[in-house]
Amino acid sequence: ADDEKKTFTFTYQVNNAVTLHENTAEIYWKIVGSEWENTQNNLQAVFNLPEEIPGEEIQAWAHGPLLGTVSIPSNRKIVYQVRKVPPGEFFEARFLMPKNIFSNGVQGSLSKAKIIRQEEKFIAQTEREKQRKNILGKFLLGFSLLINLFVLWYFIKQQKRFFKYGKDPKLPKVNLSGRL
């Protein structure tokens, strides 16, 4: 459809999506890949967990657009949302749960502490990038302000010059009656 909005709901089950690490279970899922050619709007991905898990044993992170969010509304559900994913960008989910609730999955080699350190590095890198963009934005704002002030000063200078030297005096009356 080219001229109307449509909403699509996909529901599917994936076998062996869980990676069983030393002391935790991990799901690391790409919701939208960077090779997608069209902008994706108003995305919501809901992960339903196999059983109720104590809230403090669930940890979740989102990777991709900075306006994306991750929430854990209950101990059986994790919700990822993002308003817009442009072409060439990605949106992915990563969350940890207790290892003992899964009977099988792909074997991994990380520990919960290593995964948390990885995520802390990602968060620090994102914060540095946001700070760099913020500084760059302030610099560009200051530069554009200086350019605008220069243009205003030049305009005022040219106006003064025009009224002093360039404006022609009124024409004299042609005759006493003011008519030609």
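Residues numbered from 1 in each chain as written. Predicted model: local features only at pLDDT ≥ 70, side-chain atom pairs only at ≥ 80, totals over all residues. Heavy atoms only, no water.

J.: Honestly, the overall build of the chain in this entry has me stumped. Any pointers?
T.: In terms of helices and strands, the chain carries one helix and eight strands. For the chain, the N- to C-terminal ordering of α and β elements is β-β-β-β-β-β-β-β-α. The C-alpha extent of the chain, read off along each of the three principal axes, is 110 × 40 × 30 Å. Counting the 180 residues in the chain, one finds 21% classified as buried. For the chain, the share of sequence-separated contacts (at least 6 apart) that also reach a separation of at least 24 residues comes to 71%. For the chain, the distance from the average position of its 26 positive side-chain charges to the average position of its 18 negative side-chain charges is 20 Å. (Helix = DSSP H or I, 4+ residues; strand = E, 2+ residues; numbered from the N terminus. Buried < 20%, exposed > 50% of the residue type's maximum accessible area, 1.4 Å probe, protein only. Contact = heavy atoms within 4.5 Å. Lys, Arg positive; Asp, Glu negative; His and termini not counted. Charge placed at Lys NZ, Arg CZ, Asp CG, Glu CD.)

J.: Teacher, can you tell me more about the pairing of strand β2 (residues 25-32) here?
T.: In the case of a regular strand, side chains alternate between the two sheet surfaces. As paired strands, strand β1 (residues 19-20) and β2 are joined by two bridges and run antiparallel to one another. Within the sheet, the bridge partner assigned to Thr19 lies in β2 and is Glu26. A loop of four residues connects β1 with β2, the two strands running antiparallel in sequence. Pairing analysis gives seven bridges linking β2 to strand β7 (residues 91-97), with the strands arranged antiparallel. Across the sheet, the residue bridging to Ala25 is Met97, located in β7. (Pairing = 2+ DSSP bridges.)

J.: Would you take a moment to explain the packing of aromatic side chains for this structure?
T.: Centre-to-centre distance and the angle between the planes together describe a pair of aromatic rings. Under the defined criterion, the tally for this structure stands at seven aromatic pairs. Where Phe139 meets Phe143, the ring centres are 6.3 Å apart and the plane angle is 15°; that geometry is what we call stacked. One end of the pair, Phe139, and the other, Phe143, are both in helix α1 (residues 112-166), four residues apart, so they sit about a helical turn from each other. Classification of Phe139 as exposed rests on a relative accessible area of 55%. (Phe/Tyr/Trp six-rings, centres within 6.5 Å; stacked < 30°, edge-to-face > 60°.)

J.: Would you mind showing me how to read the sheet that holds β2 here?
T.: Adjacent strands of a sheet pair through backbone hydrogen bonds, lying either parallel or antiparallel. Pairing in this open sheet of five strands is mixed, and the strands run β4-β7-β2-β1-β8 from one edge to the other. Across the chains shown, the open sheet's two edge strands, defined by having one partner strand only, are β4 (59-63) and β8 (106-107). Examined bridge by bridge, β1 and β8 share two bridges and lie parallel to one another. Each residue of the ladder has a partner; that of Leu20, found in β8, is Gln107. Here α1 sits on the sheet in contact with β2, β4 and β7, set at roughly 35° to β4. (Axes fitted to C-alpha atoms, helices over the stretch in contact; angles between N-to-C directions.)

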